[in-house]
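# Observations on the three-dimensional arrangement
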Amino acid sequence: MNRVCVAGVGVIGSLFAAFLARVADVSALTRREDHARALNEEGIRVSGRGDFTSRVTAATTPGALPEPELVIVACKGGDVDPVAAQLAGHWPDAIVMTVQNGIGADEIVARHGDWPLLASVTFMSGTRHADTHVEYVLDTATWIGPARGTTPADARRVAALIESSGLKAEAFDDVRPAQWSKLVFNATVNTVAALTGLRHDPHFAALDDPRDLGHLVRALMDEGKAVARAAGVTLDEDPWEMNVLATQRGYRHAPSMLEDVWEKRPTEVDMITGSLVREARRLGVPVPLHETMYRLVKAKEASWRSESVSSAAAP
Amino acid sequence: MAIRVCVVGCGAVGSLFAANLATLGDVEVWAYDLAREHVDATNRDGLRLTGAGEVLGRPRATADAAELPPCDFGIVATKAMHTEAAIAATAHAFAGGCVATVQNGIGNEEVLARHVERVIRGTTFPAGKITAPGVVQWDVKGDTTLGPFEDRPAPFSEVERLAEACTRAGMPTSAVHDARGPQWRKVIFNAATNPLGALTGLTHGRVCERPDLRRLATALVDEGKAVAGAQGITLDSDPEELIDYAARPEVAYDHKASMLQDVEARRQTEIDFLNGGIAGFGQRLGVPTPTHEAIWALVKGVEASW
């Protein structure tokens, strides 16, 4: 694989594009014209766990970019549909890999074309300082597995490419257990952080007092685990243990949904909690607490718009 | 016969009682509050209400509990988390009197009863905000209900005497034998709506016009009704009606719940006495309240984030 297109150049997209450009020809599909222009002129600078600048070819339409063998859809969850619509009719032989939080991004892409698809879940993180500057913060892996029209060998091929670029990746025959572990974890930690304003800190694991936040966190995770069980997925890691470990490390990570709240941007709650609630309904599993969190986050987003909103949020 | 009343905690609601009662010739009103500027302004210029009523009352204000003379009645109107400190400081003035609470939430009477002999359970709906020292904007008029607190009851005749004075002062108040119904209606109303505003930043009206949030409020109301029912309490009317009534443009559509005001100002909220109170009663009675517990934990989390 020598030609990769990264569609959506936020934190995760910037990291993929900058690293992969060291081992492949990388193009970037951006939403904004000025973003594409800046990338073409300046490339992408990586700081933090890396210190280099990569050259990429950027544009706002697929027609202006060379045909890739691999497309990494790295936009926010809510943008998967419009981005996939933009890709429709282009590059029929390319493998398309989604890296969004939650589950179901590959299914959204599937509605727009017949590309072979890979599903993945990424645990790496960074901070975006500018259109052309990303800080690589957590060097944790991206886990990749086959979806429609691909085989475990395809997943291994892409994982090997990513590994060769300096990022961490691992291929799985079935990536769903990892996806679900992260989904249950994120649906809980992101929404609790977004509504309380707390970074992911020891409050999330506190159980001493009946009103401690850990009880709610555990109850949300128990709901999520019940949905995973009903979906026939055996989680590869227990989300509660992930939560306890993460808070003990003392890093006090600001989940992306909390950052969105700080910036008063639309959050990914539709892709994260929304996808969990939709699966729960499909499977007939009650998730009243996740529905509560979903409604509260949607309402918080609405509070940033001054006009009143008559339409309800419906996951 | 003249009576002497001390309002303990002269924030917005306390000021409404103090200013209105002070207009009566046969009621001597004291106002105890720790906010020195508000006390000084009240003593200098009087206590002025604007908005729903234009009133200038001249209670005697003090931040020093030792100055308080023996009183026939106390009206406690502090935020619920300050009840203990306020009544501990002022109890001496009520050694021969009766003390009513008009505070939010549940559990205030129990705190008062640890310090004074005769307690009046109370619930009040008027609301406002202090706009400057000595000046209170009266936003919402409403009724007050008083009744003897079961564990340490004030004589019913005394409850009637206080209710009569409040009513005559322009604060319509009824004395009833069982005041739990109105109190639980209000606490359920507050617990079902205030934290939703506080967590989302939406005014009462905007909370109510989102059908998904309105259903969440109903889930909180239903859990609250179950806890009230398990104690044999008959609500005097359905909190759902109050929620919809308050959402009208001419009532409180644009009102930011006091809990949202607290969150915006990063002040401790009354969540422990609202959702926390309902969850606590639920636990003791074996009635599940998972939604109240979740909301309680989230608002405690908000407080912890400061």
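Residues numbered from 1 in each chain as written. Chains lettered and ligands numbered in written order. Predicted model: local features only at pLDDT ≥ 70, side-chain atom pairs only at ≥ 80, totals over all residues.

With 24 residues of chain A in contact, the opposing surface of chain B contributes 23 residues. For the side of chain A that touches chain B, the secondary-structure elements that each account for two or more residues are helix 6 (176-196), helix 7 (213-230) and helix 11 (288-303) of chain A. Looking at the side of chain A that touches chain B, its residues break down into 13 nonpolar, 8 polar and 3 charged. (Contact = placed C-beta atoms within 7 Å. Helix = DSSP H or I, 4+ residues; strand = E, 2+ residues; numbered from the N terminus. Nonpolar A, V, L, I, M, F, W, Y, C, P; charged D, E, K, R; others polar.)

Right, let's get into the domain arrangement of chain B. Residues and elements named next belong to chain B. You can read the domains of chain B as domain 1 (3-175) and domain 2 (180-304). Centre-to-centre, using C-alpha coordinates, domain 1 lies 24 Å away from domain 2. Facing the 13 residues of domain 1 at the interface are 14 residues of domain 2. Of all the elements in the fold, those that place two or more residues in the side of domain 1 that touches domain 2 are strand 8 (119-124) and strand 10 (135-140). (Domains from an automatic or database assignment.)

Another aspect to go through is unusual backbone geometry. Not every positive phi belongs to a glycine, and A:Lys264 is a case in point at roughly 55°. With phi around 55°, B:Arg266 is a residue other than glycine that occupies positive phi space. Within the fold, B:Arg266 resides in the loop between helix 10 (258-264) and helix 11 (275-285).

Residues and elements named next belong to chain A. Turning to its location among the elements, Ala 58 is positioned in strand 5 (residues 57-59). The buried category is assigned to Ala 58, around which 26 C-beta atoms lie within 10 Å. As for Ala 58 and Ala 36, which are separated by 22 residues in sequence, their C-alpha atoms are 4.9 Å apart. Not counting the four nearest positions on each side in its chain, Ala 58 is found in contact with Ser 27, Ala 28, Thr 30, Ala 36, Leu 39 and Asn 40. (Buried ≥ 20, exposed ≤ 12 C-beta atoms within 10 Å, placed from the backbone.)

This part covers the pairing of strand 6 (residues 73-76) of chain B. Residues and elements named next belong to chain B. Burial along strand 6 is two-sided: the residues Phe 73 and Ile 75 and Gly 74 and Val 76 are all buried. Bridging between strand 1 (residues 3-8) and strand 6 involves 4 bridges; their strand directions are parallel. Residue pairing in the sheet places Val 7 in a bridge with Ile 75 of strand 6. (Pairing = 2+ DSSP bridges.)

Take the sheet that holds strand 7 (residues 98-101) of chain B next. Residue and element names in this part refer to chain B. With mixed pairing, the 8 strands of this open sheet are ordered in space as 5-2-1-6-7-8-11-12. On the outer flanks of this sheet lie strand 5 (60-62) and strand 12 (173-175), each paired with one strand and no other. Going across the sheet, the axis of each strand differs from the next one's by a mean of 20°, ignoring polarity. Pairing between strand 6 and strand 7: 4 bridges, direction parallel. Paired with Phe 73 across the bridge in strand 7 is Cys 98. (Axes fitted to C-alpha atoms, helices over the stretch in contact; angles between N-to-C directions.)

Before going further, it helps to spend a moment on the nonpolar core. Judged by nonpolar contacts, the single largest core of 84 residues is most densely connected at A:Val192, A:Leu216, B:Ala192, B:Ala217, B:Ile243, B:Leu298 and B:Val299. In terms of residues, this core owes the most to one element, helix 6 of chain A, which gives 10 residues. Counting residues in each nonpolar core, the second largest holds 63 residues, with A:Phe16, A:Val56, A:Ile72 and A:Val175 among its members. (Core = buried A, V, L, I, M, F, W, Y, C linked by C-beta atoms within 7 Å.)

What follows deals with the packing of helix 6 of chain A against helix 11 of chain A. Two quantities define a packed helix pair, namely the angle between the axes and the distance from one axis to the other. All names here are of chain A. Between helix 6 and helix 11, the shortest axis-to-axis distance is 10 Å and the interhelical angle comes to 45°. Judged on the interaxial angle alone, helix 11 and helix 6 are oblique. For helix 6 against helix 11, the interelement crossing comes out left-handed. Touching Ala 187, Thr 191, Ala 194 and Leu 195 of helix 6 are His 290, Met 293, Leu 296, Val 297 and Lys 300, all from helix 11. Split by residue class, the contact of helix 6 with helix 11 holds 6 nonpolar, 2 polar and 1 charged. (Parallel < 35°, antiparallel > 145°, perpendicular 65-115°, else oblique. Left-handed = near helix turned anticlockwise from the far one by under 90°.)

All names here are of chain A. Taken domain by domain, chain A comprises domain 1 (3-171) and domain 2 (176-303). On a C-alpha basis, the centroid separation for the pair domain 1 and domain 2 is 25 Å. Between domain 1 and domain 2, the contact holds 11 residues from the first and 11 residues from the second. Looking at side-chain class alone, the side of domain 1 that touches domain 2 contains 4 nonpolar, 6 polar and 1 charged residues.

Where helix 6 of chain A meets helix 12 (residues 290-304) of chain B, the closest approach of the two axes is 8 Å, and the angle between their N-to-C directions is 60°. Classified by the angle between their axes, helix 6 of chain A and helix 12 of chain B sit oblique to one another. Taken as a pair, helix 6 of chain A and helix 12 of chain B cross one another with a handedness that is right-handed. On the side of helix 6 of chain A, the interface is formed by A:Val192, A:Leu195 and A:Thr196, while helix 12 of chain B contributes B:Leu298, B:Gly301 and B:Val302. Among the residues making up the contact of helix 6 of chain A with helix 12 of chain B, the classes are represented as 4 nonpolar, 2 polar and no charged.

This part takes up the environment of A:Glu291. Residue and element names in this part refer to chain A. Along the chain, Glu 291 falls in helix 11. What makes Glu 291 buried here is the crowd of 22 C-beta atoms within 10 Å. Considered as a pair, Glu 291 and Val 277 are 14 residues apart in the sequence and their alpha carbons are 6.8 Å apart.

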